[in-house]
Amino acid sequence: MILKDYLLGLLVIMLMFPLIRLPLQMTLNLPIDSGELNDLLGIEKLKREMILAEIETIGQNYVIFNYQGEKRKLIYNDHRLYLTPGYQLFLSGIDTLGFMMENDSLYLVYRKNGKDEKVSVR
């Protein structure tokens, strides 16, 4: 009897979830696409990394900077944006990406899924 009640409750929750999900996303202004959410999280991680960075060189597909005495390189290669040394991935599935300095701010200018974006990361 308890198992039957448990399964019935689980079924009701599963049926109600799609009805609750969309209004909740709209209210909280959350992106519906999980890929978009991953991109936003990656950009926020990159902003935290770059806030204390001293930029040394900006190339077509890389940025070399000093972070707390350690030289690091932000690289766009093979449709991904990642940080070395090591390998910390920030964005993936990018069609094109470029770096741009404007008013002492570093911007990522990229295209993903046919949509152009310009994001300040510092």
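Note that the structure is a prediction, hence the values are computed from the model and not measured. Along every chain, residues carry numbers that run from 1 in the direction the sequence is written. Per-residue local features are limited, in this predicted model, to residues with pLDDT of at least 70; the limit for side-chain atom pairs, both in listing and counting, is 80 or more; totals at the level of whole chains, interfaces and linings are taken over all residues. Water and hydrogen atoms were dropped before computing side-chain values, which therefore reflect all heavy atoms in the structure.

Per the convention used, a helix needs a DSSP run of H or I reaching at least four residues, while a strand needs a run of E reaching at least two, with both numbered from the N terminus. Per the secondary structure count, the protein includes 2 helices and 8 strands. Sequence-ordered secondary structure for the protein, helices as α and strands as β, is α-α-β-β-β-β-β-β-β-β. Exposure classes here rest on a 1.4 Å probe applied to the protein chains alone. A residue is buried below 20% of its type maximum, exposed above 50%, and partly exposed in between. Split into buried and exposed, the 122 residues of the protein put 29% on the buried side. A separation of at least 24 residues holds for 24% of the contacts in the protein among residues at least 6 apart in sequence. For the protein, the exposed area adds up to about 8,600 Å²; of that, 58% sits on carbon and sulfur atoms. What makes two residues a contact is simply this: any of their non-hydrogen atoms within 4.5 Å. Where accessible areas are quoted, they stem from the Shrake-Rupley method and a 1.4 Å probe; at the residue level, only the protein chains shown are allowed to cover.

By definition, the strands of a sheet pair up through backbone hydrogen bonds, in either a parallel or an antiparallel sense. In spatial order, the strands read β6-β7-β8; together these 3 strands make up an open sheet with antiparallel pairing. Only two strands of the sheet have a single neighbouring strand rather than two, namely β6 (96-102) and β8 (115-120). For this sheet, the mean inter-axis angle between neighbouring strands, taken without regard to orientation, is 20°. Pairing between strands is defined by DSSP: at least two bridges between them are needed. By the bridge criterion, 6 bridges tie strand β7 (residues 105-112) to β8 in an arrangement that is antiparallel. From the neighbouring strand, Y110 faces β8, where its bridge partner is E117. Convention adopted: a line fitted to C-alpha atoms gives each axis, helices being fitted over their contacting stretch, and angles between N-to-C directions are expressed from 0 to 180 degrees.

A word on the sheet that holds strand β3 (residues 70-77). Strand order in the open sheet formed by 5 strands is β1-β2-β3-β4-β5, and the pairing between neighbours is antiparallel. What marks the edges here is a single partner per strand, and that holds for β1 (54-58) and β5 (88-92). The average angle at which neighbouring strand axes cross in this sheet is 20°, direction not considered. Looking at chain direction, strand β2 (residues 62-67) and β3 are connected through 6 bridges and run antiparallel. Within β3, the position partnered with F65 by the bridge is R72.

Right, let's talk about the packing of aromatic side chains for a bit. Stacked, tilted and edge-to-face are the three classes applied to pairs of Phe, Tyr and Trp rings, where Trp contributes its six-membered ring and a pair requires centres within 6.5 Å; stacked means planes under 30 degrees apart, edge-to-face means over 60, and tilted covers the rest. Applying the stated criterion across every chain yields a total of 1 aromatic pair. When the centroid spacing of 4.7 Å and the interplanar angle of 35° are considered together, the rings of Y82 and Y87 count as tilted. Two thresholds decide whether a charge sits over a ring: the Lys NZ or Arg CZ must be within 6 Å of the ring centre and within 35 degrees of the ring normal. The ring of Y62 carries the charged tip of K73 above its face, separated from the ring centre by 4.8 Å. The ring centre of Y107 lies 4.8 Å from the NZ or CZ of K118, which sits over that ring.

Quick look at a nonpolar patch on the surface now. Residues L8, L11, V12, L15, M16 and I20 make up a contiguous nonpolar surface patch of about 560 Å² in total accessible area. As for its placement among the helices and strands, V12 is situated in helix α1 (residues 2-28). For V12, a relative accessible area of 45% puts it in the partly exposed group. Only residues whose relative accessible area exceeds 30% and that form no salt bridge are eligible for patches; like-charged ones are grouped when within 9 Å, while nonpolar side chains (Val, Leu, Ile, Met, Phe, Trp, Tyr) are grouped when within 5 Å. Just to be clear on terms, a salt bridge is a Lys or Arg side-chain nitrogen sitting within 4 Å of an Asp or Glu carboxyl oxygen.

Sheet topology note: the strand β4 (residues 80-84)/β5 ladder contains 4 bridges and is antiparallel. Among the inter-strand pairings, L83 is bridged to a residue of β5, identified as Q88. As consecutive antiparallel partners, β4 and β5 are separated by 3 residues, and within that stretch G86 has a phi angle of approximately 80°, a positive value.

Right, let's get into the nonpolar core. Take the buried Ala, Val, Leu, Ile, Met, Phe, Trp, Tyr and Cys residues and link them wherever side-chain atoms come within 4.5 Å; each set so joined is a nonpolar core. Counting residues in hydrophobic clusters, the biggest one holds 21 residues, and the most contacted among them are L74, L81 and L108. Within the residue set of this core, elements represented by two or more residues are α2 (34-50), β2, β3, β4, β5, β6 and β7.

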